[in-house]
Amino acid sequence: MLDQTPGRPLLTELYPRIVKPRGALRVPPNLADYAAACRDFTWQAARARLDGLPGGQGLNIAHEAVDRHADGPRADRAALRWLGRTGARRVLTYRDLRAETNRFANALRHLGVSEGESVFVLANRIPELYIAVLGALKAKCVVSPLFSAFGPEPLATRLGIGAGCVLVTTEPLYRRKVAGIRAQLPTLQHVILVPDESAATDVPDTLDWHRLVDAQSADFVIPPTDPQDHALLHFTSGTTGRPKGALHVHEAAVTHHITGHYALDLHDDDIFWCTADPGWVTGTSYGIIAPLTNGVTSVVAEAEFDAPTWYGILQNERVSVWYTAPTAIRMMMKLGVDAVRGYDLAALRFMASVGEPLNPEAVVWGAQAFGMPFHDNWWQTETGGIMIANFAAMDVKPGSMGRPLPGIAAAVVRRNEDGSVTPIEQPMIEGELALRAGWPSMLRGYLHEEERYRKCFAGPWYLTGDLAMRDAEGYYWFVGRADDVIKSSGHLIGPFEVESALMEHPAVAEAGVIGKPDPMAGEIVKAFIELKPGFTPSEALRRELLGHARKRLGAAVAPKEIDFSETLPRTRSGKIMRRLLKARELGLPEGDLSTLEGDTR
Ligand code: ATP
Ligand code: MG
């Protein structure tokens, strides 16, 4: 059992709560009364917000995301507003998207690809990626989007695990990364290349997107789809080890839809921008499915992070709801509030963040820079959709992930010796975050890792592997991943609290904290720090930071060692890889690096 580390001010008490003006939000929130929404919620009612396939033929994600809108009053609304890296724009209305995805589904049929076979997508955020994902779902294939920055080895691993039958990619990516591993991929039957320009490609053993897809009919009837049919294969971020392939089903759309409605507060006329790449689950669940099933316009920006470019997109596209990640927020913070001034962001009304703990400083900075806080929410590849969130109408306690979605029963549990778990009823006690199994987007398995999947469950609970606390008002507070928690002189220390305290210091841009083995204490807390521009590492600064942390956290919890680092190792989805900091510190093997940012093996 984990005890709360005593002797320091609680994070919960350090930052004033951001009170939401009751009844005075610009747009009435979808979730106005949390208690009532939770009480009245049923998954059946959430399911009834979707249409289902015509004639009671089941539930298919692509029908809910595209066809039902293309058949109704939203047909000519922009579904995807694509902004190319070099200034190109392409708008696909729901009607256009239906035709394009139908063509792709027909192309798969034409190639003889069967239902249940897997279609991988490896591309930058280009329109064809979105068309291929949705078209393959129509054809009832299992879709797996990959980061375009993956090198040949991680690609071969993932295509191998998922028995990739079709790969949609671009000509340059194919030449650089796939051609050389093709011989290792016996299941891969078709490679479809999107050419750089509209000129056709002529690469041996591949098919040209335009020649293949453009020639197909724009009509396609989605076959009957069991809501439990496999739809998506997502690899986890690999933060704690080798990435796992989590399988999701068509029914997951019910969660995507309702969480887009409640947690992201999507309204009919919203312009929504999710900055995540579909190679990471957020970019699929919330970059494709949630906005489209909610019928809004989704901005797809191909460019990678750059603060002025992003502010320009928010302004020029009149983005109203923005979903991003802590690393990007911290990079914006580095440049200061002034860099935001001068942009007209009047359309923006809701901002959310996911992927890593969002330190309270970042929440508060959001309020200074944009006039509203970032709303942190929590979920994982395995949960398929948002499980815990700060809602538009709810007061924000900076540093808290918020409260469980209606329909989601969460608990902080303690593991017993016999493998069962017991929910901890008292507030503010650390334990493992668990969710009552059975929500629609819950993973249905880790591909080829049955035992590992089984171990995620204890009785009615799905165990997340994250440690958290719940306060008396039902807000959840992230402590750390179970693997990252530090045991020092009898205390259990969550890295998030230490990192948050360090990031309060004006010199600190990012911090990663690990436990370093120590003969006396078991482990000592060691911090790696990335400085803000204008600060340089020095002994004096190190001492100042050690002092700052000791004052904030107390001697038992504060780091004993601090190293400065130019950049911290991160996953491609922006998470600090503490396991790598630790392996490097201890001179141990670095393990699976396939998701390490900047690594192109
Ligand atoms: P792997 O499972 O391969 O180690 P990963 O857990 O990073 O990688 P994801 O499924 O992308 O892969 O990330 C989910 C995890 O990210 C969560 O379990 C949690 O540890 C962390 N996380 C996500 N959102 C938040 C948040 N709002 N606050 C704190 N942690 C978060
Ligand atoms: Mg994980």
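Look a little higher up for the structure.
Residues numbered from 1 in each chain as written. Chains lettered and ligands numbered in written order. Predicted model: local features only at pLDDT ≥ 70, side-chain atom pairs only at ≥ 80, totals over all residues. Heavy atoms only, no water.

Chemist: Help me understand the site of ligand 1, please; the structure alone is not making it clear to me.
Modeler: As a structural note, the neighbourhood of ligand 1 is formed by 23 residues, with Thr236, Thr239, Thr240, Asn377 and Thr381 the closest of them. Between ligand 1 and the protein, one listed contact pairs an oxygen atom with a side-chain N or O atom of Trp280 at 3.1 Å. Contact distances for ligand 1 include 3.5 Å between a nitrogen atom and a backbone N or O atom of Pro357. Considered on its own, ligand 1 offers 630 Å² of accessible surface; in the complex 97% of this is hidden by protein. Those elements that provide at least two residues to the shell around ligand 1 are β14 (374-378) and β23 (476-481). Residue contributions to the shell around ligand 1 peak at three residues, all from β14. Class assignment of the residues belonging to the shell around ligand 1 gives a composition of seven nonpolar, nine polar and seven charged. (Near = heavy atom within 4 Å. Polar contact = N/O pair within 3.5 Å; in protein donor to acceptor, adjacent residues only side chain to side chain. Areas by Shrake-Rupley, 256 points an atom, 1.4 Å probe, with all protein chains shown as cover. Helix = DSSP H or I, 4+ residues; strand = E, 2+ residues; numbered from the N terminus. Nonpolar A, V, L, I, M, F, W, Y, C, P; charged D, E, K, R; others polar.)

Chemist: Help me out: how do you make sense of the sheet that holds strand β28 (residues 561-564) in this one?
Modeler: Within a beta sheet, neighbouring strands are joined by backbone hydrogen bonds and run either parallel or antiparallel to one another. In spatial order, the strands read β26-β27-β28; together these three strands make up an open sheet with mixed pairing. Across the chains shown, the open sheet's two edge strands, defined by having one partner strand only, are β26 (508-518) and β28. Neighbouring strand axes in the sheet, compared pairwise and without regard to direction, differ in orientation by 25 degrees on average. Two strands pair when backbone bridges link them, and strand β27 (residues 522-531) and β28 are joined in this way by four bridges, in the parallel orientation. The residue bridging Lys526 from the neighbouring strand is Glu561, located in β28. Packing against the sheet, helix α17 (residues 539-553) makes contact with β26, β27 and β28, and its axis sits at approximately 135 degrees to β28. Across the sheet, helix α18 (residues 578-586) lies against β26, β27 and β28, angled at about 55 degrees from β26, the strand it touches most. (Pairing = 2+ DSSP bridges. Axes fitted to C-alpha atoms, helices over the stretch in contact; angles between N-to-C directions. Contact = heavy atoms within 4.5 Å.)

Chemist: Is there a simple way to think about the state of the cysteines in this case?
Modeler: Covalently bonding the sulfur atom of one cysteine to the sulfur atom of another cysteine gives a disulfide. With the rule as written, the count across this model stands at zero disulfides. Free cysteine Cys165: the closest other cysteine sulfur is in Cys141, separated by 7.3 Å. (Disulfide = S-S within 2.5 Å.)

Chemist: Is there a simple way to think about the packing of helix α4 (residues 61-70) against helix α5 (residues 94-110) in this case?
Modeler: Between two packed helices, what matters for the description is the angle formed by their axes and the separation of those axes. The N-to-C vectors of α4 and α5 enclose an angle of 120 degrees; their axes lie 8 Å apart at closest approach. Taken as axis vectors, α4 and α5 run oblique relative to one another. For the crossing formed where α4 meets α5, the hand is left-handed. On α5, the residues touching Ala65, Val66, Asp67, His69 and Ala70 of α4 are Tyr94, Arg95, Leu97, Arg98, Thr101 and Asn102. Residues that form the contact of α4 with α5 fall into these classes: five nonpolar, three polar and three charged. (Parallel < 35°, antiparallel > 145°, perpendicular 65-115°, else oblique. Left-handed = near helix turned anticlockwise from the far one by under 90°.)

Chemist: It is not clear to me how the pattern of salt bridges should be interpreted in this structure. Could you clarify?
Modeler: Note on pairing: side chains with opposite charge can pair once their charged atoms come close. Per the counting criterion, the structure on display carries 48 salt bridges. Glu473 is the salt-bridge partner of Lys397, the closest N and O atoms lying 2.6 Å from each other. Residue Lys397 is located in the loop between β15 (388-389) and β16 (400-404), and its partner Glu473 is located in the loop between β22 (461-470) and β23; the two are separated by 76 residues in the primary sequence. The exposure class of Lys397 is buried, given its relative accessible area of 10%. (Salt bridge = Lys/Arg side-chain N within 4 Å of Asp/Glu carboxyl O. Buried < 20%, exposed > 50% of the residue type's maximum accessible area, 1.4 Å probe, protein only.)

Chemist: Help me understand the packing of aromatic side chains in this model?
Modeler: Applying the stated criterion to the full structure yields 20 aromatic pairs. Arranged with centres 5.2 Å apart and planes meeting at 65 degrees, the rings of Trp273 and Trp310 form a pair that is edge-to-face. Taken as a pair, Trp273 in strand β10 (residues 271-274) and Trp310 in helix α12 (residues 307-316) lie far apart in primary sequence, 37 residues in all. In this structure Trp273 comes out as buried when scored by relative accessible area, which is 2%. (Phe/Tyr/Trp six-rings, centres within 6.5 Å; stacked < 30°, edge-to-face > 60°.)

Chemist: It is not clear to me how helix α7 (residues 152-161) should be interpreted in this structure. Could you clarify?
Modeler: Residue pairs three or four apart in sequence face the same way in an α-helix, which turns once every 3.6 residues. Taken as a whole, α7 has its buried residues at Pro154, Leu155, Ala156, Arg158, Leu159 and Ile161. Backbone geometry just downstream of α7 places Ala163 in the positive-phi region, at approximately 45 degrees.

Chemist: How do you make sense of the environment of Val121 when you look at a structure like this?
Modeler: Positionally, Val121 belongs in strand β3 (residues 118-122). For Val121, a relative accessible area of 1% gives the class buried. Taking the C-alpha atoms as reference points, Val121 and Ala32, separated by 89 residues in sequence, lie 39 Å from one another. Residues in contact with Val121, not counting those within four places in the same chain, are Leu129, Ala132, Val133, Ser144, Pro145, Leu146, Leu167 and Val168.

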